[in-house]
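Given next are the chains, with one letter for each unit.
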Amino acid sequence: MSAPVTQPRYPTRRNAELVLLVFAVLIVVAAEAAVEATRDGHFSSHLITYAAVPIGVGLVAHLVIRRVAPYADPLLLPIAVLLNGLGLVMIHRLDLGLKQQADQNGGTFSAAAPTQVLWTAIGVALFVGLIVLVRDHRILQRYAYTLALVGLVFLLLPTILPARFAEVNGARIWIRLAGFSIQPGEFAKILLTIFGAAYLVAKRDVLSLAGRRLGFSLGRRFIGFDLPRGRDFGPVLAAWLICIAVLVRGHDLGTSLLFFGLFIVLLYVTTERVSWVVIGVLLFAVGAYVSYKLFGTVQTRVGVWLHVFDAVHDQDGYQLRQSLFGLGTGGVFGTGLGAGHPELVPLPATDFIISSFGEETGLFGAVAILMLYVLFVARGLATALSVRDAFGKLFATGLSFLVALQLFVVIAGVTRLLPETGLTTPFLSYGGSSLLANWLLLALLLRVSDAARRPATAPPARPAGEKVGVPG
Amino acid sequence: MNRSIRKVAVALVVLLAALFVNLNFVQVVKGSELRDDSRNRRVLLNEYASPRGDVNVQGTAIAHSKATSDDLKYLRVYPQGRLYAAVSGYYSFIYGTSGIEQAEDGVLSGNSDKLFGSRVSDLLTGRNQRGGSVELTLDKAAQQAAYANLVKDNRGNARAGAVVALDPATGAILAAVSSPSFDPSLLSSHNSRTIQRTWTSLRPDSATSPLVNRALQQRYPPGSTFKTIVSAAALKDGVTAETNLISPNGYFPETGATGPCNGTNPACVQNFGGESCHGGKTATLTYAFAKSCNTTFAALAVEKLGGRKIADEAKLFGFDSTTALQVPLSVATSTVGTRADLSRNGFLARTAFGQQDVSMTPLQGAMIASAVADDGILMQPYLVDKEVAPNLSVLNKTEPTQLSQVLDPDLDHNLQSMMEAVVTAPEGTGHPARITDIPGVAVGGKTGTADTGRTLPNGRAEAPHAWFIGYAMQNGVAKIAVAVLIEHGGVQGNETTGGEAAAPVAKAVMEAYLRAHPGN
């Protein structure tokens, strides 16, 4: 070790990221140009704005990554910039449609796209802050319980607050203060992922212990699975009860499904025991059944899902029906950006933005967007596979799974594969909290991927003097 | 851990594959069904996004698309709504389309293959797709006279019925009115409440709804006007205008016996109101035709012609055609009745004066008069003169086509004299149709008073329909043929009432047309 030989150069892939960012910008600008050409017949100065956002966002994030996370995965940022940019273009396009609608009906209208630009800027600022601040993801383990407490408060606060502070469109998932509203659940999902990963890594040996065996022996093979020990059920039940509380008080099917799914997956990855998944699915089924029996909102959503074209659901099924009409009208190739009528779907920019894409860019466009998410999740899971520490593995799996499950629940809802639950599409949908939370999620995922791809000999990129938590 | 992470990845792939399959299902498999769902406004918004072509009558738009500020960008308006409703139809986003709006939708919307070139040029120049326009054959003067004289009688009471006028030389439809009419602008509104209220008030499920096109799609018993066809068959069969035919006061077709009917005996045919015809013995064909003697025609059909010849002649005039007439609005096919009506003497006798199961549309009535007026040549009726592309090039101009020769010209001239006698002879029933103040004009026609066969709730027979079919010649040239039907416009048992109610309307239409088109 006295005379270090010249180290082999490990590719950082930062230039690949830059090239991909250029592609992302080009696609966003082309989309905005298509919208303007169709709606107005000419290009406007808006085009510069919609080019500037992905360029600015991509450049800032890219330069920061070059500096503080040089080995980070090169695909994640371009995908996020592309989705954010496309979402912005669609929100702007929906603004145009909604403005026309409001002009004709004499209604009021306020543009959503400028707000989304602002949220994007704040999102990138938070991204930079977080990735600069957290130089090693393992530090997060130290604050697991503190973060869990904050996460729980975030999650449960809206359900405790009076409705006038917490309720929007029937769902109690907001905190509204001084004309400003945030959905704390979006941030809670990241905080609780950190906690879940840290907690399970610490307890993994205990949780893997087998309790009773359930099944039968066939010759020398055992068919069935080992039940965990009774005392280990505690955290699972706690997570379940919290999710039920969110569901009961907040009328928020999506968030509770997301959290419970996340917890079960983390548990499964830690212990590699199928029994946790089976127990989780059973618990979720019981929770879902009971809430179906008890709550009108759940019954309505299931009723709409099953009988959306029936006259009974003429009113409450309107949104889903319009979404399906939009998707059907779009067909394989779509009507073309700006040439459809996605504004006919109520609240098209949040939950139903994917049906706006389905209508105007067709099956091709919708599947292309789906593939972007597949790539994003695949890169996240690849990070989980290659990172060396157990916390990192669990954390990256959790974050990737969050994106994947959220995407699944939303798209399944708007395409009538499952009852509609009311979640946003990551990066694409209009909504401050969702966008900020997803940029933070991206920062953390990039941080883990930097650790995963960093050569073992390279020094971690952190300021001198800072202590690092002991892994495991 | 990596093993279970891989399994999670596989599970996620399954979920995303489910999304992919479901998107395919919704957008491709179910796509067209969702697109065409009546609650999907998207197709409608696209349809209304480009202006629809005009429907013109002699250069004036009777249906026109007006730019609006609401989300359906163009509103369909009908400046003289009720006057042309039977032809124009309506254009409603709830109840679909009718009339020319439906029949010429391809050209008006611009979706027709004939307008492919125009669509391509609109696409290349970045213009919205535009529809072509349609020029109708209608004549303003004839249409207005028909409408004004039909909808109200001279005491101001509303009347239901229809008027159709044809140009005998070409078959061009000069007037088509159905009463009561409706305002298509209200049904073509962009306000769904207005549309629904209007629709309900029009009683769409009722047989007497204003939406029923009485001119083209409603069939009525023709009554004595059908004697024109029986006369044509008789002339072909060797009977002349001056042949004396038996004209008893009562005729028993089943037995061939003659004599008084003694009240209302269903087995006995008598004349209207039990009147005698030329003394109750014999009468010439001309006399029987002019006075509209039922017994003469019943005996002529049963004793001499038989059902076959009458049915064949009627077929030449357009009855019972195998393909329904399209003008391009579809026309109900008129019929002489069933096989039994033609083979059983009791039925055949009543068929001969247009009762039993004979039924015809007012357009068919006008076709009869038109064929007689034009030397026995029946022209195919048509309503669309030209289809014009947005760049004003003519896409299609209708060439008149002959449907049949119903009668040789020399025999036809006899039938013309007989029809003119209806209007001029002392015994004629059509005097009110006579035009005296335009020189060189001769009017021929035939009246009809057709029993509906229905009884009113009070047990009395429903008032019969009043018919007049006729034509006007000017200096030997057939100028216009008209059929007028007034529902329940006659009085039971009085043949002259049909002529009294319907003939003045026909006269007004013919006179208005002749004054608007003087000379030859």
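Within every chain, residues take consecutive numbers counted from 1 along the sequence as written. A letter from A marks each chain and a number from 1 marks each ligand, given out in the order of writing. Restriction of local features to residues with pLDDT of at least 70 applies here, the model being predicted, together with a cutoff of 80 or more for giving and counting side-chain atom pairs; totals for whole chains, interfaces and linings are based on all residues.

A. The arrangement of the overall build of chain B in detail. Each helix is a run of DSSP H or I of at least 4 residues and each strand a run of E of at least 2, with the numbering of both proceeding from the N terminus. Helix and strand counts for chain B stand at 18 helices and 20 strands. Three exposure classes are used, based on other C-beta atoms lying within 10 Å of a residue's own C-beta, which is placed from the backbone: buried for 20 or more, exposed for 12 or fewer, and partly exposed in between. Counting every position in chain B, which comprises 520 residues, the buried fraction comes to 53%.

B. A look at helix H3 (residues 76-105) of chain A. Across its 30 residues, H3 of chain A extends 42 Å between first and last C-alpha, which sits within 8% of the 44 Å expected from 1.5 Å per residue. Just beyond H3 of chain A, the residue with positive phi is glycine 106 of chain A, at close to 70 degrees. For a helix, the expected span equals 1.5 Å multiplied by the number of residues minus one.

C. View of the pairing of strand E6 (residues 133-136) of chain B. Residues and elements named next belong to chain B. Strand direction decides the pairing type here: strand E1 (residues 55-57) and E6, joined by 3 bridges, are parallel. Each residue of the ladder has a partner; that of valine 55, found in E6, is valine 134. Only strands that DSSP links by at least two bridges are regarded as paired with each other. Here E6 pairs with strand E15 (residues 384-388) via 4 bridges, running antiparallel. Considered in E15, the bridge of serine 133 is made with valine 388.

D. Here's a closer look at the pairing of strand E20 (residues 477-486) of chain B. All names here are of chain B. Counting buried positions over the 10 residues of E20 gives 9, a clear majority of the element. Relative to E20, strand E7 (residues 161-166) runs antiparallel, the two being bridged by 6 bridges. Bridging across to E20, valine 164 finds its partner in alanine 483. Here strand E19 (residues 465-474) pairs with E20 via 9 bridges, running antiparallel. Bridging across to E20, glutamine 474 finds its partner in valine 477. Counting the residues between successive antiparallel strands, the hairpin from E19 to E20 contains 2 residues, one of them, asparagine 475, with a positive phi of roughly 50 degrees.

E. Representation of the sheet that holds E6 of chain B within the structure. All names here are of chain B. Read from one edge to the other, the open sheet built from 6 strands follows the order E3-E2-E1-E6-E15-E16, with strand pairing classed as mixed. Each of the sheet's edge strands pairs with one partner strand only, and the pair in question is strand E3 (74-77) and strand E16 (394-397). Taken pair by pair, the neighbouring strands of this sheet meet at an average axis angle of 25 degrees, ignoring direction. Every axis corresponds to a line fitted to the C-alpha atoms, with the helix fit spanning only the stretch in contact, and the corresponding angles, defined between N-to-C directions, vary from 0 to 180 degrees.

F. View of the packing of helix H14 (residues 390-414) of chain A against helix H1 (residues 2-29) of chain B. The geometry of H14 of chain A relative to H1 of chain B is characterised by a closest axis approach of 10 Å and an angle of 15 degrees between their N-to-C directions. The pairing of H14 of chain A with H1 of chain B is recorded here as roughly parallel in orientation. The element H14 of chain A and its partner H1 of chain B pack so that their crossing is left-handed. Every residue of H1 of chain B that contacts H14 of chain A at Lys393, Thr397, Phe401, Ala404, Phe408, Ile411 and Ala412 of chain A is listed here: Ile5, Val8, Leu12, Leu15, Leu16 and Leu19 of chain B. Classification convention: Asp, Glu, Lys, Arg as charged; Ala, Val, Leu, Ile, Met, Phe, Trp, Tyr, Cys, Pro as nonpolar; all other residues, Gly among them, as polar. When grouped by side-chain class, the residues that make up the contact of H14 of chain A with H1 of chain B number 11 nonpolar, 1 polar and 1 charged. For classification, angles of less than 35 degrees are called roughly parallel, those exceeding 145 degrees roughly antiparallel, those between 65 and 115 degrees roughly perpendicular, and all remaining angles oblique. Two helices cross in a left-handed way if the nearer one is turned anticlockwise from the farther one by less than a right angle. They cross in a right-handed way if the turn is clockwise. Contact definition: two residues whose C-beta atoms, as placed from backbone geometry, lie within 7 Å.

G. Structural detail: the interface of chain A and chain B. If you look at the interface, chain A gives 41 residues, while chain B gives 34 residues. Residue assignment for the side of chain A that touches chain B shows that the elements contributing at least two residues are H3, helix H9 (253-271), helix H12 (318-330), helix H13 (353-386) and H14 of chain A. Broken down by element, the side of chain A that touches chain B gets its largest block of residues, 11 residues, from H13 of chain A. When grouped by side-chain class, the residues that make up the side of chain A that touches chain B number 24 nonpolar, 14 polar and 3 charged.

H. Quick look at the sheet that holds E7 of chain B. Residues and elements named next belong to chain B. Across the sheet, 5 strands lie side by side as E8-E7-E20-E19-E18; this open sheet has antiparallel pairing. Every interior strand has two partners, whereas the edge strands, strand E8 (173-179) and strand E18 (441-450), have only one. This sheet shows a mean twist of 10 degrees between the axes of neighbouring strands, independent of strand direction. Strand direction decides the pairing type here: E18 and E19, joined by 10 bridges, are antiparallel. Bridge pairing in E19 places threonine 449 opposite alanine 466. Across the face of the sheet, helix H17 (residues 409-424) comes into contact with E18 and E19 while running at roughly 75 degrees to E18.

I. Geometry of unusual backbone geometry. Of note, the amide linkage connecting serine 179 of chain B to proline 180 of chain B takes the cis form, showing an omega dihedral of 0 degrees. By the secondary structure assignment, proline 180 of chain B is in the loop between E8 and helix H9 (184-187). Residue proline 328 of chain B is bonded to the preceding valine 327 of chain B through a cis peptide linkage, with omega at 5 degrees. The residue proline 328 of chain B is located in the loop between helix H13 (294-317) and helix H14 (339-343) in this model. A positive phi angle, close to 70 degrees, is found at phenylalanine 427 of chain A, a residue other than glycine. With respect to the helices and strands, the residue phenylalanine 427 of chain A is situated in the loop between H14 and helix H15 (432-453). Taking the C-beta count within 10 Å as the criterion, phenylalanine 427 of chain A has 28 such neighbours and is therefore assigned buried. Although it is not a glycine, aspartate 320 of chain B adopts a positive phi angle of roughly 50 degrees. Position of aspartate 320 of chain B relative to the elements: it lies in the loop between H13 and H14.

J. Structural view of the environment of alanine 69 of chain A. All names here are of chain A. Take alanine 69: it is sitting in the loop between helix H2 (46-68) and H3. Judged by the 25 C-beta atoms lying within 10 Å of it, alanine 69 falls in the buried class. Along the primary structure alanine 69 and isoleucine 131 are separated by 62 residues, whereas in three dimensions their C-alpha atoms are 7.9 Å apart.

K. Focus on the environment of glycine 331 of chain A. In this structure, glycine 331 of chain A sits in the loop between H12 and H13. On the basis of neighbour counts, which here come to 19 C-beta atoms within 10 Å, the residue glycine 331 of chain A falls in the partly exposed class. A sequence separation of 31 residues divides glycine 331 of chain A from glycine 362 of chain A, and the C-alpha atoms of the two residues are 5.3 Å apart. Look past the residues within four positions of glycine 331 of chain A in its chain and what remains in contact with it is Gly362 of chain A together with Gln27, Val28 and Gly31 of chain B.

L. Structural view of the confidence of the model for chain B. Counting all residues, the mean pLDDT for chain B is 89, and 98% of those residues have values of 70 or more. The complex model carries a pTM of 0.69, and its ipTM stands at 0.89. Values of pLDDT, which run from 0 to 100, indicate the predictor's confidence residue by residue.

M. Region of interest: helix H16 (residues 362-373) of chain B. Residues and elements named next belong to chain B. Between its terminal C-alpha atoms H16 stretches 17 Å, which fits the 16 Å expected from 12 residues at 1.5 Å a residue. For H16, the buried fraction is high: 12 of the 12 residues fall into the buried class. Burial in H16 covers these residues: Pro362, Leu363, Gln364, Gly365, Ala366, Met367, Ile368, Ala369, Ser370, Ala371, Val372 and Ala373. Among the residues trailing H16, aspartate 375 stands out with phi positive, at a value near 55 degrees.

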